[in-house]
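Survey of secondary and tertiary structure
So the chains spell out like this:
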Amino acid sequence: MTESFIPLSVPSFTGNELKYVSECITTGWVSFAGSFVGRFESMTTDFTGAKEAVACQSGTAALHLSLILAGVHKDDEVLVPTLTFIAPVNTIHYVGAHPVFMDCDAYLNIDPVKVHAFCENECQLEDNHLFNKKTGRRVRAIMVVHLFGHPVNMDEIFPIAQKYNLKIIEDATEALGSKYTTGAFAGKSVGTVGDFGCFSYNGNKIITTGGGGMIVTDNKILANKARYLSTQAKDDEDKFIHNEVGYNYRMTNLQAALGCGQMEHLPDIIQTKRTHLKKYTEKLSGIPGVKFITEPTYSFSNYWHLTLRIDAKEYGLSALKLKEVLAEHKIQARMIWELCHKQKPYAACEAFQISNALKQQEQCLNIPCSASLTDMELARVAEVIKNKS
Ligand SMILES: *Cc1c(COP(=O)(O)O)cnc(C)c1O
């Protein structure tokens, strides 16, 4: 029997994407001018409830600019989870600051209990500025990551950031469409709680522009500053006067056209992913040691990725072994990233009481979750997980 390949996650273009992109090409507006960038930004403010949105070339560029605008400087420290894709950590390095790695909670997000313990026991406040007692450096910000779409517990993180005067940058690159349902931020989208929120439209994210990112903030002055810095900090259009060091980080009209098309069916994509989860859960129920990571009780998740937590003792196979079994059936699954505090460029950085992240990394496996996944494909994946062979 020949089985077709089932990818982990591929984009779906089922709406006006081609029409909008063609419009850019026929009108010639493919680059930095044209109407789609502004339209994509206003679709984003409408959808998230943020006051301002600034479209960038990538999620990484959005995070980098956010750190600059949050006032994170050379030799500052930024608290960041070790369990994340490495991009947010790299942006901390770009501004000359140092990451301090934090452990994760049951939803794989930064652990508020340990963040508090770190600020309380390892740091001291002087003139309302937080300093790491060991390094003497100022701890300026916390960068949270809404992992795989599941909202970080901001009810706990926000008061800690207030108490210790830390700026909050939300890496919401995986979580467009996720929001809080209860608590102090009920009704708010991820990315709109902290000082800055960043989204990504990389090819494997919930929607894509090929490559792209977005900063959301309620601060109009800083949003305009982001636009300025993302277009080489040009102060005079005619004479090309630049009073600051800028970046080439602005999104193109072509990317934004694709984004506008994608935004139109984002709610449908999220609904489809949630239905996938329901179907998988039914099919996998009763298998010992196999459970999905579900949205935190206080939230609604976009379920960008569907993550199984495998208890190797109960299930009989490790997550890694299951990944290999799935691969034999041409089904793509993926373990989570190597922890950032173990990555070569950051191995010498401080890592605070990392324990849960080590366990989660061994147990978690992402399985096929594309919006275009068919019922037959889903059943095939579930069958292999059930049979373990
Ligand atoms: C994808 C991703 C990014 C980076 O986004 P790009 O658009 O690829 O630059 C940053 N952080 C996390 C957690 C991501 O998954």
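These lines cover the structure that appears in this document, whether it is placed above or below. Since the model is a prediction, treat every value here as computed from it, not as a measurement. Numbering of residues starts from 1 in every chain and runs along the sequence as written. Residue-level local features of this predicted model are given only where pLDDT is at least 70; pairs of side-chain atoms are given and counted only at 80 or more, and the full residue set underlies all totals for whole chains, interfaces and linings. With hydrogens and water stripped out, all remaining heavy atoms of the structure feed into the side-chain values.

In this section: the sheet that holds strand 9 (residues 196-200). Strand pairing is assigned whenever DSSP identifies at least 2 bridges connecting the two strands. Segments assigned H or I by DSSP are reported as helices when at least four residues long, segments assigned E as strands when at least two residues long, and all are numbered from the N terminus. The seven strands are arranged 1-10-9-7-6-2-3 in an open sheet whose pairing can be described as mixed. The open sheet has two free edges, formed respectively by strand 1 (52-56) and strand 3 (98-102), since each of these has just one partner strand. With direction set aside, neighbouring strand axes in the sheet form an average angle of 20°. Of the strand pairs in this sheet, strand 6 (residues 139-145) and strand 7 (residues 167-171) are connected by five bridges, and their pairing is parallel. Considered in strand 7, the bridge of Val145 is made with Asp171. For helices, the fitted axis covers only the stretch in contact; all axes are lines through C-alpha atoms, and the angles between them, taken along N-to-C directions, range from 0 to 180 degrees.

Here we take up helix 6 (residues 154-163). Side chains that are three or four residues apart share a direction in an α-helix, a result of its 3.6 residues per turn. The buried label applies to any residue whose accessible area, calculated with a 1.4 Å probe on protein chains only, is under 20% of its type's maximum; exposed applies above 50%, and partly exposed to all values in between. Residues Met154, Ile157, Ile160 and Ala161 constitute the buried set of helix 6. The buried residues of helix 6 occupy one face: seen down the axis, they fall within an arc of 130°. Note on contacts: a residue pair is in contact if any heavy atoms of the two residues lie within 4.5 Å. Residues of helix 6 that are buried sit in contact with helix 5 (112-122), strand 6, strand 7 and strand 8 (179-180). Of the residues flanking the end of helix 6, it is Asn165, one or two places downstream, whose phi is positive at about 55°. Along the arc lie the directions from the helix axis toward the C-beta atoms.

Turning next to unusual backbone geometry. In this structure, Asp75 takes a positive phi of about 70° despite not being glycine. Along the chain, Asp75 falls in the loop between helix 3 (59-69) and strand 2 (77-81). A positive phi angle, close to 55°, is found at Phe148, a residue other than glycine. Looking at the element boundaries, Phe148 is found in the loop between strand 6 and helix 6. With relative accessibility at 2%, the residue Phe148 sits in the buried group.

Moving on, we get to the site of the ligand. Around the ligand there are 16 residues in total, and Thr60, Asp171, Glu174, Ser200 and Lys205 lie nearest to it. Gly59 places a polar main-chain atom, nitrogen or oxygen, 2.7 Å from an oxygen atom of the ligand. Within the side chain of Lys205, a nitrogen or oxygen atom sits 3.2 Å from an oxygen atom of the ligand. For the ligand, whose accessible area on its own is 380 Å², the fraction buried by protein is 93%. Only helix 3 and helix 4 (87-94) provide two or more residues apiece to the shell around the ligand. For this purpose, a residue is taken to be near a molecule or strand whenever a single non-hydrogen atom of the residue falls within 4 Å of it. Here a polar contact is recorded for every N or O atom pair within 3.5 Å, except that within protein the pair must consist of a potential hydrogen donor and a potential acceptor, and residues adjacent in sequence are included only if both atoms are side-chain atoms. The Shrake-Rupley method, run with a 1.4 Å probe sphere, supplies the accessible areas, and residue values consider only the shown protein chains as cover.

Residue count minus one, scaled by 1.5 Å, sets the expected span of a helix. Between its first and last C-alpha atoms helix 8 (residues 253-264) spans 17 Å; for 12 residues at 1.5 Å apiece the expected length is 16 Å, and the two agree. Contact partners of the buried residues in helix 8: helix 1 (17-27), helix 2 (36-48) and helix 9 (266-284).

Turning to the packing of aromatic side chains, a few remarks are in order. Two rings from Phe, Tyr or Trp (for Trp, the six-membered ring) form a pair when their centres are within 6.5 Å of each other. A pair whose planes differ by under 30 degrees is stacked, one over 60 is edge-to-face, and the rest are tilted. Scanning the entire structure with this criterion turns up 13 aromatic pairs. Ring geometry for Tyr180 versus Tyr298: centroids 6.1 Å apart, planes at 15°, classification stacked. Linking Tyr180 in strand 8 with Tyr298 in the loop between strand 11 (290-292) and strand 12 (299-300), this pair joins segments that are 118 residues apart in sequence. Tyr298 shares its class with Tyr180; the two are buried. Measuring from centroid to centroid gives 5.1 Å for Tyr247 and Tyr249, while their planes differ by 20°, and the two rings are stacked. Of the residues examined, Tyr247 reaches a relative accessible area of 23% and is grouped as partly exposed. Every member of this aromatic cluster is reached through a ring pair, and the members are Tyr107, Phe158, Tyr180, Phe185 and Tyr298.

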